[in-house]
Amino acid sequence: MERERERASEHSGTETSGERGRREEGMRTRDETVILRAEAVLLCSVGLLAAWMPTAAALWLSLPTSGTKCVSEEIHAGVVAMADYAVIHDDDPRNTPTISVKVTAPNGDTLHHKGNITIGQFAFTSNEPGTYLACFWLDGANRGAGTSVGINWKIGIAAKDWESIAKKEKIEGVELELRKLEEAVEVIHENLLYLRNREAGMRDVSEKTNSRVAMFSFMSLTVCILASVVQLWHLKGYFHKKKLI
């Protein structure tokens, strides 16, 4: 009997060790699953932020035979912007017409101006918030030949060379995606602050406009009352003079 009990206790101890091993293995599997889910959520967040933010735009402009066609972009102060452009002429690629390009700031300063080209690029850092304008037109020798221009305009984090940053700072994988996510969050925060400031400015203008309208209404009412009093006084004097009353 004692031997059977010793065998049973040894058997139960062996089963307990096996269960502990399986439990530890299961915990490690759950930890790996949690890490994988966190990485997936992080990548999805980066993708959603990149899709939500208008940081890059590919455009196709059909230039008129005479005249200018422009594309504008609303950019905040201190934002890096760059664009590549090229003439697209499928009718006769060997005789591609040349164009002229001019990029201007909100205050009218010229940031980029080139002529007699078929391909090029420009880059600048905005000094003030506002609408930046890029205008394209056909050169004089090519007037009458319709053509198109392809533009790839990048702003903010989309204009950064992330490959160079990753090599310089020796980051990759999830760490690089975290860096992109941090930059995107900062840009969103700056956009929210900009929108809040604009909303405050518009609210001040609305309040000033309402006060001016109220003052103008009060002055108009006062003038009408004074005009009515003067008319009554004049009519009363006229009737007294004619001895009608």
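Reading the values: the criteria
Residues numbered from 1 in each chain as written. Predicted model: local features only at pLDDT ≥ 70, side-chain atom pairs only at ≥ 80, totals over all residues. Heavy atoms only, no water. Helix = DSSP H or I, 4+ residues; strand = E, 2+ residues; numbered from the N terminus. Buried < 20%, exposed > 50% of the residue type's maximum accessible area, 1.4 Å probe, protein only. Contact = heavy atoms within 4.5 Å. Areas by Shrake-Rupley, 256 points an atom, 1.4 Å probe, with all protein chains shown as cover. Salt bridge = Lys/Arg side-chain N within 4 Å of Asp/Glu carboxyl O. Pairing = 2+ DSSP bridges. Axes fitted to C-alpha atoms, helices over the stretch in contact; angles between N-to-C directions. Phe/Tyr/Trp six-rings, centres within 6.5 Å; stacked < 30°, edge-to-face > 60°. UniProt positions renumbered as here; feature names shortened; annotations may be inferred. Expected span 1.5 Å × (residues − 1). Disulfide = S-S within 2.5 Å.

Right, let's talk about the overall build of the chain for a bit. When its secondary structure is counted, the chain shows three helices and eight strands. Secondary structure elements of the chain occur, N-terminal to C-terminal, as α-β-β-β-β-β-β-β-β-α-α. For the chain, buried positions account for 23% of its 245 residues. Expressed as a percentage of contacts within the chain between residues at least 6 apart in sequence, the contacts between residues at least 24 apart total 74%. Total accessible area computed for the chain in this model is approximately 17800 Å², and 57% of it derives from carbon and sulfur atoms.

Looking now at the side chain of threonine 104. Its location among the elements puts threonine 104 in strand S4 (residues 99–104). When its relative accessible area of 17% is taken as the criterion, threonine 104 is described as buried. Threonine 104 has contacts with Asp109, Thr110, Leu111, Tyr132 and Leu133, leaving out every residue within four places of it along the chain.

Our focus in this paragraph is the pattern of salt bridges. Any two side chains of opposite charge can pair, on the condition that their charged atoms come close. Overall, the coordinates contain three salt bridges when judged by the stated rule. The partner of glutamate 169 in a salt bridge is arginine 179, with the nearest N and O atoms 2.4 Å apart. On the criterion of sequence distance, the pair formed by glutamate 169 in helix H2 (residues 162–169) and arginine 179 in helix H3 (residues 174–241) is long-range, its members being ten residues apart. In this structure glutamate 169 comes out as partly exposed when scored by relative accessible area, which is 41%. We note a salt bridge from arginine 179 to glutamate 183, for which the minimum N-O separation is 3.7 Å.

Now for the sheet that holds strand S5 (residues 110–117). In sheet architecture, strand pairing relies on hydrogen bonds along the backbone and comes in two forms, parallel and antiparallel. Strand order in the open sheet made by the four strands is S2-S7-S4-S5, with antiparallel pairing throughout. In this open sheet, the two strands that pair with only one neighbour each are strand S2 (69–75) and S5. Neighbour-to-neighbour, the strand axes of the sheet open up by a mean angle of 10 degrees, direction not taken into account. Where S4 meets S5, five bridges bridge the pair, whose relative direction is antiparallel.

Here the structure, examined in full by the defined rule, presents six aromatic pairs. Relative to phenylalanine 122, the ring of tyrosine 85 has its centre 6.2 Å away and its plane inclined at 35 degrees; by these criteria the two rings are tilted. Highlighted residues: tyrosine 85 in strand S3 (residues 80–88) and phenylalanine 122 in strand S6 (residues 119–125), separated in sequence by 37 residues. Here tyrosine 85 falls in the buried class, since its relative accessible area comes to 1%. By relative accessible area, which is 4% here, phenylalanine 122 ends up buried. Site record: aromatic cluster; members linked through ring pairs are Tyr85, Phe122, Phe124, Tyr132, Phe136 and Trp153.

In the numbering used here, UniProt assigns the feature "coiled-coil region" (unreviewed entry) to residues 164–191. Segment residues 164–191 splits into 86% helix and 0% strand. End C-alpha atoms: 26 Å apart.

As a further point, take the environment of glycine 156. By the element assignment, glycine 156 lies in the loop between strand S8 (147–155) and H2. For glycine 156 and glycine 78, which are 78 residues apart along the polypeptide, the C-alpha to C-alpha distance reads 9.3 Å. Apart from the residues within four sequence positions on either side, glycine 156 is in contact with Val79 and Val80.

Taking 1.5 Å of rise per residue, 68 residues should cover 100 Å, and H3 covers 99 Å from first to last C-alpha, within 8% of that figure. All of the buried residues in H3 are Leu176, Glu177, Leu181, Glu183, Ala184 and Ile188. Downstream of H3 by one or two residues, lysine 243 has phi in the positive range, about 55 degrees.

Taken as a whole and judged by the stated rule, the model has one disulfide. One disulfide in the model links cysteine 70 with cysteine 135; its S-S distance is 2.0 Å. Given an S-S torsion of about 105 degrees, the disulfide between cysteine 70 and cysteine 135 has right-handed geometry. Here cysteine 70, found in strand S2, pairs with cysteine 135, found in strand S7 (residues 130–138); they are 65 residues apart in sequence, far enough to count as distant. In this structure cysteine 135 comes out as buried when scored by relative accessible area, which is 13%.

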